[in-house]
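# Close look at the chain arrangement
Each chain, written out:
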Amino acid sequence: MNKLERVPSQAAPDFASFVDYEQGLVDRRIFSDEAIYQTELERIFARAWNFMCHESQIKEPGDFFQNRIGDDRVVITRDKKGDVQVLLNSCRHRGNVICRAEQGRAKSFMCPYHGWNYGLDGKLVGVPGMKEFYRNDLNKDEWGLGKAAKVESYNGFVFATMDPDAPPLEEYLGDVGKVGLDIAARDGNIEVVNGVQKNRIGCNWKMAVDNLFDWYHPTVSHASAQRSGFFPQFEESLSHMDQMVMIGEYGHAIAGPLVKPENETTATPAQNRYGIQQLKAHPNIFPNLWITLQGDQLSLRLPNGPFETEIWWFTIFQKGIPEEERRLRLSMASHVFGPGGLLEQDDGENWAHSTRGTKGVASRRYPLHYAMGKGHDQMVGTPEGHMRAETVVNEHGQLWTYKSWAEWMDAESWADLKANHSPAPAGRI
Amino acid sequence: MRAAEDIPMGTLQDLDPQAHMLLQFDVERFLYDEAAALDDRRFIEWLDLLTEDIHYWMPIRRTVNANELDQEFTQIGDMSYFDDDKEMLKHRVARLDTGYAWAELPPSRTRHLITNVRLVGMDGDEIDVESNFHLYRSRLDTEEDSWFGKRCDRLRRVDGQLKICRRHIFLDQTVLLSTNLSSLF
Ligand code: FES
Ligand SMILES: [Fe+2]
């Protein structure tokens with residue numbers, strides 16, 4: 001009998017009991033239980049550093065871009081001083097939305113309900129009827145918009161956390177969290193291409209995250225890419241690739257094909273730094289930011305209830321790349337990933353029905369299997385000073401994500417999480 | 001189909017009302033036949049209705065403020081949902097026959113409703129046509145998608161037959177409410 005079968009159906013929140021790391025088993029309820037989802041919003045999304053946008057999307061004062069942190073809608077602005085602000089998109093008067101556009105440029109945000117007007121830094125600057133109705137008995141300084149507790153950028157990628165006790169962004173990311181962002185940033189001279197793809201999939205957000213580490217599925221899920229002639233060497237290119245896994249504190253992980261420096265010739269400094277000639281492996285910045293192959297695209301997986309995820313695709317290019325290369329990379333981006341991508345269009349339904357498969361009373365008695373490679377691999381130091389396992393296709397990345405998930409969910413606070421999270425494993429995994 | 005020499009050439013303004021009507025009739029019949037090919041899953045036949053130089057494109061639409069409507073859609077050279085040439089469309093169609101195109105297995109049921117067909121320009125043997133569409137997809141037992149929007153097509157007469165040499169698709173949704181875009185528009 002495995003550990004999960006002993007979990008009573010009305011378990012008190014003891015989230016470690018939902019993930020059996022040693023046996024590589026995950027309880028299906030974490031994908032479809034409404035109460036667990038609400039706890040995720042509190043203990044993961046309102047606590048973590050969440051990806052907001054890239055600074056190139058809000059270059060000038062007044063530029064704004066909307067995003068979400070769990071159920072909290074936020075507006076990321078560049079204020080008059082040039083600082084980046086992450087403001088709750090909810091009026092302090094009755095809670096109405098103060099910014100309805102997805103992006104754009106504004107001088108201020110006037111609430112369309114009664115007209116409270118907020119500056120780009122969130123300060124309440126105008127209140128209709130201040131004198132006549134409020135009799136000047138309202139302290140505007142105290143009624144500015146709610147804000148993220150902390151906003152920081154790494155390589156121009158803006159992150160925000162709602163928890164004042166969160167560690168600094170760089171500490172949070174650690175080595176493993178930085179790899180993908182360093183490679184995506186290249187020499188720093190990058191910008192997000194105009195146009196963020198957005199679509200909704202009827203899956204739990206973790207099913208989407210889980211899949212980015214999954215190098216087991218492509219030869220089946222994406223077999224049409226090969227057989228349609230779109231990517232004729234697809235299967236061959238996967239089967240001959242060594243795999244690597246990097247695992248970081250707080251749930252960050254990287255998994256996928258390893259292209260070693262000696263096999264390739266065109267290296268960027270970031271790639272050399274990590275001893276990864278081409279990033280073919282996929283990093284996830286916990287909880288929900290996937291950086292794709294070679295860092296051309298970021299995929300953000302926004303939870304929208306236990307049974308829905310909104311997928312956002314950001315495409316990043318170096319400024320001033322030759323027109324021909326830009327055209328190639330652009331078509332690659334829309335032809336591979338996104339809802340119309342020849343590969344990704346086959347993913348969504350699998351994630352949705354995997355999620356659906358966690359609802360049934362009887363189905364829930366059977367934990368999901370995440371044990372591929374468990375106990376068979378060894379974390380070793382690279383000459384560049386990083387720990388990684390070099391191996392074959394495996395499920396270490398997924399299992400680490402769920403182990404970390406349980407630690408986030410059991411922690412009462414950032415202090416608790418800092419004190420009680422697992423260190424990145426060394427030795428056998 | 002009528003012989004090529006019967007079909008009017010020039011610009012729309014050159015057409016007398018009767019010629020305009022006949023052209024409208026031809027174009028509508030062509031678009032309805034095309035929609036039938038898609039809904040009947042005659043995808044190889046559908047490919048034959050496209051010229052070799054077709055540009056099949058669907059930009060990203062955003063909710064923007066009224067003073068920034070010029071930025072509502074992404075432009076060519078920005079990110080999009082589709083930016084396909086004929087080769088890519090052939091891959092999309094070939095995919096469906098591989099037995100591994102999971103988004104369309106078992107095959108979805110689609111219905112293309114094409115309305116509000118308007119001739120908006122003509123230049124020599126090319127005609128610009130705008131139409132509205134409702135593409136309905138019924139999938140598996142209970143899944144449904146509805147995409148509404150506008151298509152801006154450029155049709156060209158090739159050996160007397162109309163073919164599509166440009167299809168630009170403008171959806172009304174900003175956040176797409178569908179799992180994927182595995183249908184053809
Ligand atoms: S709700 Fe915003 S002004 Fe009243
Ligand atoms: Fe996939």
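Refer to the structure above for everything that follows.
Parameters at a glance
- Residues numbered from 1 in each chain as written.
- Chains lettered and ligands numbered in written order.
- Predicted model: local features only at pLDDT ≥ 70, side-chain atom pairs only at ≥ 80, totals over all residues.
- Heavy atoms only, no water.
- Helix = DSSP H or I, 4+ residues; strand = E, 2+ residues; numbered from the N terminus.
- Rg over C-alpha atoms; globule rule 2.2 N^0.38 Å.
- Buried < 20%, exposed > 50% of the residue type's maximum accessible area, 1.4 Å probe, protein only.
- Contact = heavy atoms within 4.5 Å.
- Areas by Shrake-Rupley, 256 points an atom, 1.4 Å probe, with all protein chains shown as cover.
- Lys, Arg positive; Asp, Glu negative; His and termini not counted.
- Charge placed at Lys NZ, Arg CZ, Asp CG, Glu CD.
- Donors = N, O, S within 2.8 Å, 3.2 Å for Na, K, Ca; no water.
- Tetrahedral: all angles 85-135°; square planar, octahedral: opposite > 155°, others 65-115°.
- Pairing = 2+ DSSP bridges.

## Examining the overall build of chain A
Within chain A one finds eleven helices and 25 strands. Over its C-alpha atoms chain A spans a radius of gyration of 22 Å, differing by no more than 12% from the 22 Å that the globule rule assigns to 429 residues. In terms of overall dimensions, chain A has C-alpha extents of about 75 × 60 × 40 Å along its principal axes. The 429 residues of chain A split such that 60% are buried. Relative to all contacts within chain A whose residues are 6 or more apart in sequence, the contacts with residues 24 or more apart total 62%. For chain A, the exposed area adds up to about 17,200 Å²; of that, 48% sits on carbon and sulfur atoms. If the 46 positive side-chain charges of chain A are averaged to one point and the 57 negative ones to another, these points end up 5 Å apart.

## Thoughts on the coordination of the iron ion (ligand 2)
Geometry reference: four tetrahedral donors at a metal, ideal angle 109.5 degrees. Six octahedral donors, ideal angles 90 or 180 degrees. Residues and elements named next belong to chain A. Ligation of the iron ion (ligand 2) by protein atoms is provided by His217 (NE2), His222 (NE2), Asp347 (OD) and Asp347 (OD), these donors lying 2.1 to 2.4 Å from the ion. Between the four donor atoms coordinating the iron ion (ligand 2), the angles at the centre fall across 55 to 145 degrees, so the site counts as irregular. Expressed as a motif, the donor residue spacing for the iron ion (ligand 2) is H-x4-H-x124-D. By the burial criterion, His217 is buried, and His222 matches it.

## Quick word on the sheet that holds strand E2 (residues 25–26) of chain A
Residue and element names in this part refer to chain A. In spatial order, the strands read E1-E2-E22; together these three strands make up an open sheet with antiparallel pairing. Each of the sheet's edge strands pairs with one partner strand only, and the pair in question is strand E1 (19–20) and strand E22 (368–369). In this sheet, E2 lies alongside E1 in antiparallel orientation, the contact comprising two bridges. What sits directly across from Val19, in E2, is Val26.

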